[in-house]
Amino acid sequence: MSEIVPVDPAITIRAETLLADPDTCKFTVSQTVYPGGPFFFDNKERAIGSPLVERLFALPGVANVLVTDNVVTVGKEPSASWSELKSAIGTAIRTQLLTGVPTILDTPDNRSFTGVLTSTRDRRSSKHEVRVELKRECEVAMIPSGEKLTLAQGDAIVVTQALGGSFTVRTEMGYLVRVASLDADALGLQDAPEQEAPGEAGPFSLEKVIEQLKTVFDPEIPVNVVDLGLIYVCEAHPLADGGHRVEIKMSMTAPGCGMGDVLKADACRKVQGVAGVTDVDIEIVWEPAWDQSRMSEAAQLQLGLL
């Protein structure tokens, strides 16, 4: 769930509770909090010397903090409530930024503990993570910004999700990135069972389009875009040449999510492989805003929301 945290008019902060871990909330700030990162703090002692993080750990219920550029991700204790904590965190961020004092003491000691917040669900399934060394240079998309990043041959990474032919991996620096199916060989996983199968032959049907869309997965949440409720419209229109034009309107789980173009391209490629499809038009829409009520019951069960 995403909401605007009321702070100084000159500084806007959007708070988004993560679906995969309700005890983790991402605060996206309208200006840089601290350049670079990620910088991870899992206790008050490690926060000493970093003013913003000290402020956050002073709030009852804060368990860990991750700072990267303009994003502050906070994990809370299960017994704490976001109802008041979100506002207090937003105020702490705004107050620190207004002081003009650097938010983090950037030292080698801090960087040595750089990491990424891991959800309770991820920790329970950590035995499924695969550690590999890149076989070649590979371009990836950072999650959730969608920015392009090139990983070098020999980089050690951890594959945290392999669904629909694409891969979510964690880098040595703690970044979460998406590797496209065409680059599976860079992971040494070109024969992975999650690789997509060629489109089926035979007559066109909208059901086949939906089935292909079910092979497109959110890189942060192990649920396909159909069951997540991101597909708002999926229509087929016959063309004079006997083919069909498929028009799709889809949204993202958070406004302005940078992975929109990545998932759009993935969906387009999958649908183009359906028999009888000659043209695909996919539009990313933000109205009406997505919320959890759009998820299928199966998806809610899978994520522990029911």
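Heads up: these notes are all about the structure in this document.

Rules used in this analysis
Residues numbered from 1 in each chain as written. Predicted model: local features only at pLDDT ≥ 70, side-chain atom pairs only at ≥ 80, totals over all residues. Heavy atoms only, no water. Helix = DSSP H or I, 4+ residues; strand = E, 2+ residues; numbered from the N terminus. Contact = heavy atoms within 4.5 Å. Pairing = 2+ DSSP bridges. Axes fitted to C-alpha atoms, helices over the stretch in contact; angles between N-to-C directions. Right-handed = clockwise from strand over helix to strand, strands pointing away. Salt bridge = Lys/Arg side-chain N within 4 Å of Asp/Glu carboxyl O. Buried < 20%, exposed > 50% of the residue type's maximum accessible area, 1.4 Å probe, protein only.

1. Section: unusual backbone geometry
Item 1. Along the chain, Ile143 connects to Pro144 via a cis peptide bond; the corresponding omega equals 10°.
Item 2. You can see Pro144 is positioned in the loop between β8 (138-142) and β9 (148-151).
Item 3. Cis rather than trans, the peptide bond between Glu287 and Pro288 has omega equal to -5°.
Item 4. Summarising the element assignment, Pro288 is placed in the loop between β15 (277-284) and α8 (297-302).

2. Section: the environment of Gly61
Item 1. Along the chain, Gly61 falls in the loop between α2 (51-57) and β5 (62-69).
Item 2. Residues Gly61 and Pro78, spaced 17 residues apart in sequence, show a C-alpha to C-alpha distance of 8.2 Å.
Item 3. Excluding residues that lie within four positions of it along the chain, Gly61 makes contacts with Gly75, Lys76, Glu77 and Ala80.

3. What to know about the sheet that holds strand β11 (residues 166-170)
Item 1. The strand order across the open sheet formed by 6 strands is β7-β10-β11-β12-β8-β9, and the pairing between neighbours is antiparallel. The two strands at the open ends of the sheet, each matched to only one other strand, are β7 (130-133) and β9. For this sheet, the mean angle separating the axes of adjacent strands, direction not counted, is 40°.
Item 2. As paired strands, β8 and β9 are joined by 4 bridges and run antiparallel to one another. By the bridge assignment, Cys138 is partnered in β9 with Leu151.

4. A few points about the sheet that holds strand β14 (residues 244-250)
Item 1. Pairing within the open sheet is mixed, and its 3 strands lie in the order β13-β14-β15. In the strand order of this sheet, the two ends are held by β13 (231-238) and β15, each with one partner. Adjacent strand axes in the sheet meet at a mean angle of 15°, parallel and antiparallel pairs treated alike.
Item 2. Where helix α7 (residues 260-272) meets the sheet, it contacts β14 and β15, and its direction lies at approximately 160° from that of β15.

5. Side note on the pairing of β15
Item 1. Of the pairings in the sheet, the one linking β14 to β15 comprises 7 bridges and is parallel in character. Among the inter-strand pairings, Val246 is bridged to a residue of β15, identified as Val280.
Item 2. Taking the sense of rotation as the criterion, the β-α-β connection linking β14, α7 and β15 turns out right-handed.

6. Structural notes on the pattern of salt bridges
Item 1. Applying the stated criterion across every chain, the model contains 11 salt bridges.
Item 2. In this structure, the salt-bridge partner of Arg136 is Asp183, at a minimum N-O distance of 2.9 Å. In this pair, Arg136 is assigned in the loop between β7 and β8 and Asp183 in the loop between β12 (176-179) and α6 (206-213), connecting sequence segments 47 residues apart.
Item 3. We classify Arg136 as partly exposed; its relative accessible area is 27%.
Item 4. With its nearest N and O atoms 3.9 Å apart, the salt bridge here joins Asp266 to Lys270.

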